[in-house]
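Commentary on secondary and tertiary structure
Take a look at the letters that make up each chain.
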Amino acid sequence: MKVIDLRSDTVTLPTPEMREAINNAELGDDVFGEDPTVNKLEAMAAEQLGKEAALLVSSGTQGNLVSVLSHCQRGDEVILGDQCHTYRYEAGAVSAFGGIHTFAVPTMERGGLDPTDLEEAIRSDDPHFPHTALICIENTHNLSGGTALSPEEIGPMAEVAQRHDLPMHLDGARIFNASVALGLDVEEVVRPFSSVTFCLSKGLSCPVGSVICGSEEFIYKARRIRKALGGSMRQAGIIAAAGVVALETMVDRLAEDHVNARFLAEGLAEIPGLQVDLERVQTNMVMVNVQREFPDGIVGPMDARGIKFLDRGRGRLRLVTHYGIDEADIQQTVEAFRAVMN
Ligand code: TLP
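Since we're looking at a predicted model, the values are computed, not measured. (Residues numbered from 1 in each chain as written. Predicted model: local features only at pLDDT ≥ 70, side-chain atom pairs only at ≥ 80, totals over all residues. Heavy atoms only, no water.)

With that settled, the discussion passes to the domain arrangement of the chain. Put simply, an interface is often sized by how much accessible area is lost when its parts join up. Along its sequence, the chain is organised into domain 1 (12-249) and domain 2 (253-341). Computed over C-alpha atoms, the centres of domain 1 and domain 2 are 28 Å apart. Each partner contributes to the interface: domain 1 provides 24 residues, whereas domain 2 provides 14 residues. For the pairing of domain 1 and domain 2, the buried interface totals around 1,600 Å² over both sides, and the portion due to carbon and sulfur atoms is 53%. Summed over the shared surface of domain 1 and domain 2, the result is zero salt bridges. Remark: the boundary between domain 1 and domain 2 carries seven residue pairs in polar contact (both at pLDDT 80 or more). Here the element with the most residues in the side of domain 1 that touches domain 2 is helix H8 (residues 175-182); it accounts for five residues. Grouping the constituent residues of the side of domain 1 that touches domain 2 by class yields nine nonpolar, 12 polar and three charged. (Domains from an automatic or database assignment. Contact = heavy atoms within 4.5 Å. Buried area = accessible area lost by both parts, 1.4 Å probe. Salt bridge = Lys/Arg side-chain N within 4 Å of Asp/Glu carboxyl O. Polar contact = N/O pair within 3.5 Å; in protein donor to acceptor, adjacent residues only side chain to side chain. Helix = DSSP H or I, 4+ residues; strand = E, 2+ residues; numbered from the N terminus. Nonpolar A, V, L, I, M, F, W, Y, C, P; charged D, E, K, R; others polar.)

Here the structure, examined in full by the defined rule, presents two aromatic pairs. With a centroid separation of 5.2 Å and 90° between ring planes, the pair formed by phenylalanine 176 and phenylalanine 198 is classed as edge-to-face. With phenylalanine 176 in helix H8 and phenylalanine 198 in strand E7 (residues 195-199), this pair connects stretches of sequence that are 22 residues apart. Judged by its relative accessible area of 4%, phenylalanine 176 falls in the buried class. (Phe/Tyr/Trp six-rings, centres within 6.5 Å; stacked < 30°, edge-to-face > 60°. Buried < 20%, exposed > 50% of the residue type's maximum accessible area, 1.4 Å probe, protein only.)

Another point: the environment of proline 301. Here proline 301 is to be found in helix H13 (residues 299-303). On the basis of relative accessibility, which here comes to 28%, the residue proline 301 falls in the partly exposed class. As a C-alpha pair, proline 301 and asparagine 139 span 162 residues in sequence and 33 Å in three-dimensional space.

Here the focus is the site of the ligand. Surrounding the ligand, one finds 14 residues, the nearest of these being Ser8, Thr61, Asn142, Asp171 and Arg174. Between asparagine 142 and the ligand, the recorded distance is 2.8 Å, taken from a side-chain N or O atom to an oxygen atom. Protein chains bury 80% of the 510 Å² of accessible surface belonging to the ligand in isolation. Spatially, the ligand is embedded in the second largest pocket. Per-element tally for the shell around the ligand: the top contributor is helix H3 (residues 60-71), with three residues. Taken together, the residues that form the shell around the ligand break down as one nonpolar, seven polar and six charged. (Near = heavy atom within 4 Å. Areas by Shrake-Rupley, 256 points an atom, 1.4 Å probe, with all protein chains shown as cover. 1 Å grid on protein atoms, 1.4 Å probe; cavity = no way out; pocket = protein on both sides within 12 Å on 5 of 7 lines; lining within 4 Å. Sits in = over half its atoms within 2 Å of the grid points.)

This part covers the sheet that holds strand E12 (residues 310-311). The four strands are arranged E9-E10-E13-E12 in an open sheet whose pairing can be described as antiparallel. Each edge of the open sheet is held by one strand with a lone partner, namely strand E9 (274-276) and E12. Running at roughly 160° to strand E13 (residues 316-320), helix H14 (residues 327-341) makes contact with E9, strand E10 (285-290) and E13 of the sheet. (Pairing = 2+ DSSP bridges. Axes fitted to C-alpha atoms, helices over the stretch in contact; angles between N-to-C directions.)

So, in structure tokens, the structure goes:
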């Protein structure tokens, strides 16, 4: 039985072209700046995102941590959404390793932050307060269902940041999903941000890696912090080789994942007892509410049919489409749900 794994796009395996590129990668010691494949990936990433420079890191979590630490001093404060990945799922790293205070403001339905909340969260110059040093935004927004925030939605947040002379960091783990869904060049989507982390190892199907993009000066700082965190890697071209293939061949195909997610969402929405907010299905994620009690949960019976997804508690499920999942898999998933819900 084929297992249809919709838990995350992180389960994607490298493409045959990536395996070949990994095998043939030209390598050197990246701590000396001498790995040509890493240098190539970093230059490509910076160019595509319209930033001056880039830095390969091990993961999205490391990318966000290195970025926040590069923007902030100990005792500074970062403003972020209470539903964002950095606040909820990164083990409190920015506080643990950076001594950075977090100010979490309520996340709006589509993952954005209310400009008035942002404005209020920015600290005045008072010895009682920490110093506000950074605003973090996430796009696509994972917990909101993979919503892609448009430049029109980001604009009012950026305006507040600009007025207070604050930099903005983007957790763009799935930024290419956002740009493909919005039909915009990725450069345009990330323009208001002074730094961006994006992941190679999610929808782009690489085995490992994320990339931080920003100004030359910012990446210079970030390189030292990555070193301090033990994140400098030597012949990292092994990782970067897959990243180069990803940027060349795996971005446009994300549209297929989005079509499959919509197909899945529409199929599930027709099943009595399942509720899907179709408007939020913009990229490769489908959030489902199960309006029926399963004494031992729904994951077990679906798993027995070879379908995997995440149970986020209180009847909320997350299903993610990705490379390796096709229309037939979606059909099979919908049929399995129909059988289990009956
Ligand atoms: N998200 C994972 C899990 O942690 C839930 C997933 O399956 O969605 N930012 C965002 C928006 C993310 O969704 C993730 C991973 C990260 C950062 C962290 O990336 P990694 O796992 O590479 O550290």
